[in-house]
Amino acid sequence: MTTTIDRRTLLHAVAGAAVASTATGTMTSAPAASPATYTPKPLSLDPKSIKGISEKVLASHYENNYLGAVKRLGAIRGQLADLDFAKAPNFVVNGLKREELIALNSAILHELYFDSLGGGGAPSGALRDAITSDYGSLERWRAEFSAIGKAEGGGSGWVILAYTPREKRLVTQWAADHTTTIAAGRPLLVLDMYEHAYHMDYGAKAGAYVDAFMEAIAWDNVTSLYAQASREG
Ligand SMILES: [Fe+2]
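Residues numbered from 1 in each chain as written. Predicted model: local features only at pLDDT ≥ 70, side-chain atom pairs only at ≥ 80, totals over all residues.

A. How the structure looks around the packing of helix α4 (residues 125-135) against helix α8 (residues 219-232). Two elements in contact, α4 and α8, have axes separated by 8 Å at closest approach and are oriented at 80°. Looking at the two axes, α4 sits roughly perpendicular to α8. Residues Gly 125, Ala 126, Leu 127 and Ala 130 of α4 pack against Val 222, Thr 223, Tyr 226, Ala 227 and Ser 230 of α8. Its residues assigned to classes, the contact of α4 with α8 comprises 6 nonpolar, 3 polar and no charged. (Axes fitted to C-alpha atoms, helices over the stretch in contact; angles between N-to-C directions. Helix = DSSP H or I, 4+ residues; strand = E, 2+ residues; numbered from the N terminus. Parallel < 35°, antiparallel > 145°, perpendicular 65-115°, else oblique. Contact = placed C-beta atoms within 7 Å. Nonpolar A, V, L, I, M, F, W, Y, C, P; charged D, E, K, R; others polar.)

Structure follows, in structure tokens:
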């Protein structure tokens, strides 16, 4: 569901990215490239509908953290488009390309996080069979995924259930930040363990947030992402 506020903030993000992409860059003597435009996604869930994660947190998370990453990505790509790579110092290239990766992955992971919420229930069909085959049981998988989230509590990071075409299996992945995801992994389910995802609801009780997330997983969406990833693998 797309709310009115989401459309408004989306427009702000697109405008901000466009301004950022044209207002920067004084370094080039070579023709500037056209920066890639990242179009933000509307919020895929009704922020009032997630039991255990408040509308206030979800709206703030979407507007400040997700749309913030999209805006930052636009600004970084604006600077990269204007950069004269043949003359730029290594520290400038390293800095901008590192920040581009962080902002791009932050945007993508946040979209997957919001898509992971809603519905609850349990996995079905081929995904349920794959979890049982790769982890022994759904309960074993739940314990592992949940424990990784709780272990990251107090710090920050992501927990990702991914399908890896190389191994043709599921992997529960620990990620310390936006840049440590499995190469060629296909993320299916994403848990955000940064404090902005839960602190207003739970304070330092990260474990209670993880428990709420585990009960609110949008299994229909995860099942469909698995079907696509394993088919295209
Ligand atoms: Fe986040």
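B. Quick peek at the pairing of strand β1 (residues 158-164). The buried fraction of β1 is high, at 6 of 7 residues. Across 7 bridges, β1 lies against strand β2 (residues 169-175) in antiparallel orientation. Bridge pairing in β2 places Leu 161 opposite Thr 172. Between the antiparallel neighbours β1 and β2 lie 4 residues, among them Lys 168 with a positive phi of about 55°. With 6 bridges joining them, β1 and strand β3 (residues 186-192) adopt antiparallel strand pairing. Opposite Ala 162, over in β3, you have Pro 187 as the bridge partner. (Buried ≥ 20, exposed ≤ 12 C-beta atoms within 10 Å, placed from the backbone. Pairing = 2+ DSSP bridges.)

C. A look at unusual backbone geometry. Here the phi dihedral of Lys 168 falls at roughly 55°; this positive angle occurs in a residue that is not glycine. By secondary structure assignment, the location of Lys 168 is in the loop between β1 and β2. We classify Lys 168 as exposed; it has 11 C-beta atoms within 10 Å. One non-glycine residue, Ala 184, lies in the positive phi region at around 70°. Looking at the element boundaries, Ala 184 is found in the loop between β2 and β3.

D. Structural detail: the confidence of the model for the chain. The pLDDT averaged across the chain works out to 89; a share of 87% of its residues lies at or above 70. In the model, residues 1-9 has pLDDT below 50 throughout and makes 11 contacts with residues more than four positions away in sequence or in other chains. Counting interchain partners and residues more than four positions distant, the pLDDT-below-50 stretch residues 11-26 has 32 contacts. (pLDDT = per-residue confidence, 0-100.)

E. Expanded view of the packing of α4 against helix α5 (residues 138-152). At their nearest, the axes of α4 and α5 sit 8 Å apart, and the two run at 75° to each other. In terms of orientation, α4 lies roughly perpendicular with respect to α5. Contacts from Arg 128, Ile 131, Thr 132 and Tyr 135 in α4 reach Leu 138, Arg 140, Trp 141 and Glu 144 in α5. Looking at the contact of α4 with α5 residue by residue, the classes come out as 4 nonpolar, 1 polar and 3 charged.

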